[in-house]
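Descriptive structure summary
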Amino acid sequence: MQQFVNVTLTGLISGSVYAAFALALVLIWRSTRIVNFAQGSMAAATSFIALALIQAGQSYWLALVVALASGFVIGAVIERVVIRPVEGGPELNAVIVTLGLFVAIQALIAIVFGSSFESFPAPFGLRGFTVGETTIALTPNSIYVLVAVVLTMAGLIALFRFTRLGLAMRASAFGQEVARLLGVRVGRMLTLGWALAAVVGSLSGLLIAGGGLVYPAYMDALIVFGFVAAVLGGLDSPVGAVVGGLTIGLALSYVSAYLDPALVNLAALVILMVVLLVRPGGLFASSTARRA
Amino acid sequence: MTRSSRRLTRLLAAATVATTLAACGGGDDGGGGGGGGGGENEASDVGITEDTIKLGAHYPLTGVAAPGYSEIPTGVQAYFDHVNANGGVYDRQIEYVYRDDAYNPTNTSAVVNQLVLEDEVFAVVGGLGTPTHSAVLEFLNSERVPDLFVSSGSRLWGETPEDYPYTFGWQTDYVSEGKILGQYIAENLPDAKVGLFLQDDDLGADGESGLREYIDDQIVEVQSYVPGNTDVGPQIAALQAAGADVVVGFNVPSYTALSQLVSLRLGYQPQWFYSNVGSDPTLVGSLLANFSQGQVTDATLLDGAITTEYFPGTDSPDDPWVQMFQQIWDEQGQEGELTTFRLYGMAQAYTTVQALQAAGQNPTRDDLVAAIEQVGADWEGPLFAPFRYSEDSHMGTSGMRVVQVAGAAVEELTPVLTTDLGDAEIEESDREAATPPENGIPDEEAAD
């Protein structure tokens, strides 16, 4: 029983980080209609900026703010400088460019910060709570992670559903020309979409780094599972991303504990295949007609 | 290189030797190389010229296995620099080329190809890792390149020299280590329920088979991890659920850190055993160094963990071998402290120089292999127990002692024990610790 509880909690915690990452993918998809493979490397870059600050003696929270701010800047700059020139062409061009960025940024991190493993501090405790005699796999830090993810999700839903800005961003993504005719400054909206997505991505990078080990490629596994989570959820829905992330986290944790850890990646693929066979648009797709 | 172009190289080399001799009126004999020959140096095979010998290696300088292991080649380099500064081996300077494979077998194939075909090394020395080196085992043997002292304890390197005649192990194999740890548990913790935490390859499998020779009935749970997947929460939770009060880990250092972190989260406190590969307290301590609020400060998490040693590490600063290597490191080493990983590299380089000396003044690749088979078992050096080299076995050193981590140092729990694969008995080693040579360079006779 204790094992089941612990495996479930472990799955929920890693699932919530996959969810945070999937949220970033959803955000960028919603606001630019691009799938961004460089998201993981961009997040890793900001985590290393945060780590450098922490090692210089600054507090975790200052490092967090700086990391998110630098994520915003990196996202905006990449959109303006690298993505904008290929945006008019076939959609695939931009996606391939993000793949190139993914490798390039990782290499850049290794050059600037080195490629050794480093531990990344957590803002809250890493010891599990005790219930009666037993310790459960829930730590103060994992509660912080859960809360941060839920807040981010709520923020995104509010942005897209209740603000003019969110509406303008969605409009720019769906029909650039129509939006432009209606007075939306499409270029700015696309840049903003990338910048916000990079902020959310940075947050997920910091959340997974806290209390663990980081190295330039530490987000790689997360990229895969984050994508699976986002696609599971329909790539369009913040709630779907969170549900998808938690599903993947739990499923992989059970596979690892009760079947075989070697099957984890395979299981992710099987889950993805099954969901896409049953619901090609993902679990939370609003309507299949809405494709840009 | 094709056969004919190799012949051409030899011809050219011979011509060069002839002209050099005419110019100088004879080579300089003696120096750090030790005995043997007395004739002139020749370019006797690929990778050897009159005044250089080229050796290659592959290490994870980046990626999941890089912490610690990336320091090994800096130790090797420092030792070779020391030998070179004292005249080299048979007046040949050792050129050492090592390349990064990031612990990825695909990369290993590529970089070893490069070492053999482009760099044209005489031998590969100390290539690191079981999955990585397995990928180039066939290639090196089919190219007849000596593949010395693989940095891994898999039985693969030495068990069947008829299949891999050019490959030699070096460190204690994981089966023997498993047996020695198993016997220690059977004798000292006979009532313990044992869980295993294994890397999902030969490291874990060989270790488990050794352990099962002694504590088959005590093992209650076996969990493994796949390198690269850093979430080991489910595995540790399963060990805890099985009620294991002793956990033996055959894993690499970063997973020692990860398993300790997860155990902290789960409030799980078994008696930990880690195989030698994953137990360096300094490295694990530095991996855990940044955690918040003093909860995980340093290696104290590893305090009390039990592991093994087959050569003196930085935790034995009074050992004469460590002092010798420390002096060499201070003179020749790069930035940074002497670590146990660097000591490992220096000890391996020491054995390499012994092999090169034994191979004679103008060796072919086959001469090198024959020399190790013939006299390698007699070499004395920093390792506690002798090598098992012969025509029938290319297994490395045969023994180790069990030690317990106490802060940054270790306490001995057993004397040096030696054993072998299969059901060979575990015996106390009767060999006395060797004395290091004055100048830090071995002096082996040519084997012929």
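Quick caveat: nothing in here was measured; it's all calculated off a predicted structure.

Now for the overall build of chain B. Of regular secondary structure, chain B possesses 13 helices and 13 strands. Out of the 448 residues in chain B, the part that is buried amounts to 60%. Contacts in chain B between residues far apart in sequence, at least 24 positions, make up 72% of those at least 6 positions apart.

This next bit is on the overall build of chain A. What chain A contains, in helices and strands, is eleven helices and four strands. Radius of gyration (C-alpha) of chain A: 19 Å, near the 19 Å computed for a compact globule of 292 residues. Counting only C-alpha atoms and orienting by the principal axes, one finds that chain A spans roughly 65 × 50 × 35 Å. Of all 292 residues assigned to chain A, the portion counted as buried reaches 53%. Restricting the contact set of chain A to residue pairs at least 6 apart, pairs at least 24 apart contribute 73%.

Once that is clear, we can look at the nonpolar core. Of all hydrophobic cores here, the largest spans 234 residues; its most connected members are Ala19, Ala22, Leu23 and Ala229 of chain A together with Val124 and Met346 of chain B. In terms of residue count, the dominant contributor to this core is helix 1 (residues 2–32) of chain A (17 residues). Residues lining this core come from more than one domain, with at least three contributed by each of domain 1 (3–172 + 316–384) and domain 2 (174–309) of chain B. Not counting residues up to four positions away in its chain, the partners in contact with Ala19 of chain A are Val149, Ala229, Ala241, Val242, Gly245 and Leu246 of chain A.

On to the sheet that holds strand 2 (residues 93–100) of chain B, then. With parallel pairing, the four strands of this open sheet are ordered in space as 2-1-3-4 (chain B). The strands lining the two open edges of the sheet, one partner per strand, are strand 2 and strand 4 (147–148) of chain B.

Residue and element names in this part refer to chain B. With domains assigned, chain B is organised as domain 1 (3–172 + 316–384) and domain 2 (174–309). With 14 residues of domain 1 in contact, the opposing surface of domain 2 contributes 17 residues. At the level of elements, helix 2 (66–69), helix 5 (130–142) and helix 12 (340–358) are the ones that each hand at least two residues to the side of domain 1 that touches domain 2. Class assignment for the residues of the side of domain 1 that touches domain 2 results in six nonpolar, seven polar and one charged.

This next bit is on the interface of chain B and chain A. With 33 residues of chain B at the interface, the matching set in chain A holds 35 residues. At the level of elements, helix 2, strand 6 (219–225), helix 8 (233–241) and helix 9 (253–266) of chain B are the ones that each hand at least two residues to the side of chain B that touches chain A. At seven residues, the largest contribution of residues to the side of chain B that touches chain A is made by helix 8 of chain B. A breakdown of the residues in the side of chain B that touches chain A according to their chemical character gives 17 nonpolar, 13 polar and three charged.

Right, let's get into the packing of helix 6 (residues 174–188) of chain B against helix 7 (residues 202–215) of chain B. All names here are of chain B. In contact at an axis separation of 7 Å, helix 6 and helix 7 are set at 35° when each is read in the N-to-C sense. Between helix 6 and helix 7 lies a crossing whose hand is right-handed. In this structure, helix 6 contributes Tyr174, Val175, Ser176, Glu177, Gly178, Lys179, Leu181, Gly182, Gln183, Ile185 and Ala186 to the contact, and helix 7 contributes Leu203, Asp206, Gly207, Glu208, Ser209, Gly210, Leu211, Glu213, Tyr214 and Ile215. A breakdown of the residues in the contact of helix 6 with helix 7 according to their chemical character gives nine nonpolar, seven polar and five charged.

Residue and element names in this part refer to chain B. The end-to-end C-alpha separation of helix 7 is 19 Å, in line with the 20 Å expected for 14 residues at 1.5 Å each. Most of helix 7 is tucked away, with ten of its 14 residues classed as buried. Taken together, the buried positions of helix 7 are Asp202, Leu203, Gly204, Ala205, Asp206, Gly207, Glu208, Gly210, Leu211 and Ile215. Buried residues along helix 7 sit against helix 5, helix 6, strand 5 (194–199), strand 6 and strand 7 (246–250).

Our next topic: the environment of Ser31 of chain A. All names here are of chain A. Following the sequence through the fold, Ser31 ends up in helix 1. Along the backbone, Ser31 and Ser253 are 222 residues apart, and their C-alpha atoms lie at a distance of 32 Å. Setting aside residues up to four positions removed in sequence, Ser31 forms contacts with Met169, Ala173, Met189 and Gly193.

Attention now moves to helix 5 (residues 140–162) of chain A. Residues and elements named next belong to chain A. The end-to-end C-alpha separation of helix 5 is 32 Å, in line with the 33 Å expected for 23 residues at 1.5 Å each. Among the residues of helix 5, those classed as buried are Asn141, Ser142, Val145, Val149, Thr152, Met153, Leu156 and Phe160. The secondary structure elements touched by the buried residues of helix 5 are helix 1, helix 6 (164–174), helix 8 (186–209) and helix 10 (238–259).

Residues and elements named next belong to chain A. Here helix 3 (residues 60–83) crosses helix 4 (residues 91–113) at 120°, and the two axes come no closer than 12 Å. Between helix 3 and helix 4, the interaxial angle falls into the category oblique. Where helix 3 crosses over helix 4, the handedness of that crossing is right-handed. From helix 3, Ile78, Val82 and Ile83 reach across to helix 4, where they touch Ala94, Val97 and Leu101. Classifying every residue of the contact of helix 3 with helix 4 by side-chain character gives six nonpolar, no polar and no charged.

Residues and elements named next belong to chain B. Where strand 7 and strand 8 (residues 271–274) come together, four bridges link them in parallel fashion. If you follow Val246 over to strand 8, its bridge partner there is Gln271. Each parallel crossover has a hand, and the one from strand 7 via helix 9 to strand 8 is right-handed.

Residue and element names in this part refer to chain A. Per-residue pLDDT for chain A has a mean of 84; in total, 97% of the residues score no lower than 70. For chain A, per-element mean pLDDT is lowest for strand 3 (residues 134–135), which scores 73, and highest for helix 3, which scores 91. With pLDDT under 50 throughout, residues 288–292 is counted as low confidence; its partners more than four residues away or in other chains account for four contacts.

All names here are of chain B. Inspection of the secondary structure assignment puts Gln114 in helix 4 (residues 105–118). Residues Gln114 and Tyr214, 100 residues apart in the sequence, show an inter-C-alpha distance of 44 Å. Every residue in contact with Gln114, bar those within four places of it in the chain, is listed here: Arg99 and Asp119.

Procedures and definitions
Residues numbered from 1 in each chain as written. Chains lettered and ligands numbered in written order. Predicted model: local features only at pLDDT ≥ 70, side-chain atom pairs only at ≥ 80, totals over all residues. Helix = DSSP H or I, 4+ residues; strand = E, 2+ residues; numbered from the N terminus. Buried ≥ 20, exposed ≤ 12 C-beta atoms within 10 Å, placed from the backbone. Contact = placed C-beta atoms within 7 Å. Rg over C-alpha atoms; globule rule 2.2 N^0.38 Å. Core = buried A, V, L, I, M, F, W, Y, C linked by C-beta atoms within 7 Å. Domains from an automatic or database assignment. Pairing = 2+ DSSP bridges. Nonpolar A, V, L, I, M, F, W, Y, C, P; charged D, E, K, R; others polar. Axes fitted to C-alpha atoms, helices over the stretch in contact; angles between N-to-C directions. Left-handed = near helix turned anticlockwise from the far one by under 90°. Expected span 1.5 Å × (residues − 1). Parallel < 35°, antiparallel > 145°, perpendicular 65-115°, else oblique. Right-handed = clockwise from strand over helix to strand, strands pointing away. pLDDT = per-residue confidence, 0-100.

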